[in-house]
Amino acid sequence: MRIWLVTIGEPLPTDGTGGDRLYRAGILAMMLARSGHEVVWWSSTFDHVRKRQRFSTDTMLRQESGVLLKLLHGCGYARNVSLRRLVDHAILARKFMRQAEGMPRPDVILCSLPPLELPVAVTRYGKAYGVPVVVDVRDLWPDIFLELVPRWLLPLFNLGLAPMWRQARMACRNAFAITGNAPGFVEWGLGRAQRSATDLDRYFPFGYAAPMLTDDERESANSFWSKYGLKEGDAEFTVCFFGVFSNQFDLETVVDAALMLEAEGAGVRFILCGTGERLEALKNRAGGSQAVIFPGWVGRAEIWALMALSDVGIAPYRNHAGFVGNLPNKPIEYMAGGLPVVSGLQGYLEELLDRNQCGVNYSPGDARALRDVIIRLMGDGAQVTMMSTNARRVFSEKFDADKVYGEMITYLQDVVAAYSAQSYSQEET
C-alpha cells in the first residue's frame, strides 16, 4: 500500500541525535515501512515542543527506513494557545492542498485531529481524488478551549469558536472512518459526523516501543543521573516525570506536595524532566528545594534509565475535556518501565489504574492528598512491587507498540479493501 500519515507536533526521526522518542505516527510510519508499505509522513518544520523551526523552508527527506518526510513550513508560534498557532496551521493546510496534487495518489490517509485545518484539507483531498481518509482523534478541539474562560464569558467565547466547530464537523463528516486513542474520542468524532459507528470506527490506544539501549547508552545515561545523586539501590523514594511544562499539567500541586514532604523530613525526591513555558515559574515555586530536581529536557536513554531508578511515575494531568475521557501516552510509558502510575486524572485512566491495580489516584489539585498517597506508598513496598508487576503485564497485553500498531496496519488494509468494495458497488449501481 501507499500510505500517507498527516500528523504534526510529534518528534521526528531527524530531531536531536536520534535520542528523541517517536510517538504514534513515528512508530507507525517505521512499522509500515518495515512491512513493505510506501509511507509518506506529512508533518511540519516547526518543533512544537521546543518552539523552534527545524528548517527555514519546506523540506523533503528520505529516511533510511524508507519513510519519506514531507515537512511543510509555517510561521511557528511561541504559545500553544494563540492566534499565531491557528495561522500556522492554516498555512500548512494550504500548502498540503497545493503539494498533494503533484504527488502519487495514496491508497489511504491517516490524519490526526487536532489541528483542525489539516483534517479539513485532507478530507477534501480524499473526496476529490477518491482516497479514503481516516481521521484519528487525538484531542477534543475546540471543546477544550471552552475551559479557558470564565463561565460568564462562555456564550460569547463559544460564538467566537464557531469557525472551529464548523471545521471539526467538516473533517469528521468527510472522513471515511474515525479512530481515536480512547473509546470516548471515537464517540466524539462520530457525534461531530452525526452518524452511527461502523466496524471501521475503532479506537487504538497509544503504543509505546521500549528502546533497545546499547551498553554505552546505558552507561552514559546512568552517569548523567549520578550527577543528580541518583544511583541504583538508593534509599530515597523517587518520583519521576517527563514532559512539557505547559498548562495541561498541574505541576504546581506536585511541587507543593514535594515541599510538604521535604519539610517533614521524608526521604523523597521528585525528578521533573522537561522544558516549556511553565518551567521558570515552577522553579521559583520550588525555591531551590533539594526534593525537587529539574534536569531539563532528556532523551530516551536518560528516560529509560530514570524509570529504572524510580519508584513511581506521576501523571498530573489537569481534568479538562481533552484528558478525562483519554488515555494519554505518559502513563503508558511509565507502565512500559514497570512503574506504578500516580495520577490526579479522573475518568478513563482512573478506571484503568483501579481495575488493573497498577497505580493510584489522588484528588486533583490537592497537594495534601498527593502527599498522603506518597507517604502511603513509601510505607508499603509490597504494594509498590505488586503494582509494578501489574503495570508491566498491562503494558504487554494492551499497549506494546508491536501489538497496537500491528493491529493498526491490518486495520488500514481493511479500510482500503472496504473503500474499494464500496466504490465498486457504487459503480455497479
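We now turn to the structure provided with this report. (Residues numbered from 1 in each chain as written. Predicted model: local features only at pLDDT ≥ 70, side-chain atom pairs only at ≥ 80, totals over all residues. Heavy atoms only, no water.)

Scanning the entire structure with this criterion turns up zero disulfides. With no disulfide of its own, C111 lies 10 Å from the sulfur of C172, the closest cysteine sulfur. (Disulfide = S-S within 2.5 Å.)

Take the environment of M31 next. Along the polypeptide, M31 turns up in helix α1 (residues 24-34). Separated by 104 residues in the primary sequence, M31 and V135 place their C-alpha atoms 19 Å from one another. Residues within four places of M31 in sequence aside, it is in contact with A401, D402, Y405, G406 and I409. (Helix = DSSP H or I, 4+ residues; strand = E, 2+ residues; numbered from the N terminus. Contact = heavy atoms within 4.5 Å.)

Quick look at the sheet that holds strand β6 (residues 68-72) now. Strand order in this open sheet of eight strands is β5-β6-β2-β1-β7-β8-β9-β10, and the pairing throughout is mixed. Strands with a single pairing partner mark the edges of an open sheet, and in this sheet they are β5 (59-62) and β10 (202-203). Direction of pairing for β5 relative to β6: antiparallel, over a ladder of four bridges. Directly across from T59, in β6, lies its bridge partner L71. (Pairing = 2+ DSSP bridges.)

Moving on, we come to empty space enclosed by the protein. Unoccupied space between atoms shows up once a probe the size of one water molecule is rolled over them. Under the defined criterion, the tally for this structure stands at five cavities of 30 Å³ or more. Approximately 110 Å³ is the volume found for the largest cavity. Around the largest cavity, the lining residues are R21, L22, Y23, R24, F206, G207, Y208, N329, E333 and Y405. Residue composition of the lining of the largest cavity, by class: five nonpolar, two polar and three charged. (1 Å grid on protein atoms, 1.4 Å probe; cavity = no way out; pocket = protein on both sides within 12 Å on 5 of 7 lines; lining within 4 Å. Points joined across faces, edges and corners; volume = space filled by probe spheres on them. Nonpolar A, V, L, I, M, F, W, Y, C, P; charged D, E, K, R; others polar.)

A few words now on helix α7 (residues 215-226). Taking 1.5 Å of rise per residue, 12 residues should cover 16 Å, and α7 covers 16 Å from first to last C-alpha, within 8% of that figure. Among the residues making up α7, those that are buried are A221, F224 and W225. For α7, the angular spread of the buried residues around the axis is 90°, confining them to a single face. With respect to the buried face of α7, the exposed residues turned more than 90 degrees away are D215, D216 and E219. Considering only its buried residues, α7 is in contact with β12 (268-275), β13 (292-296) and α10 (300-309). (Expected span 1.5 Å × (residues − 1). Buried < 20%, exposed > 50% of the residue type's maximum accessible area, 1.4 Å probe, protein only. Arc of directions from axis to C-beta.)

Everything listed here is a matter of geometry and, on its own, says nothing about what the molecule does.
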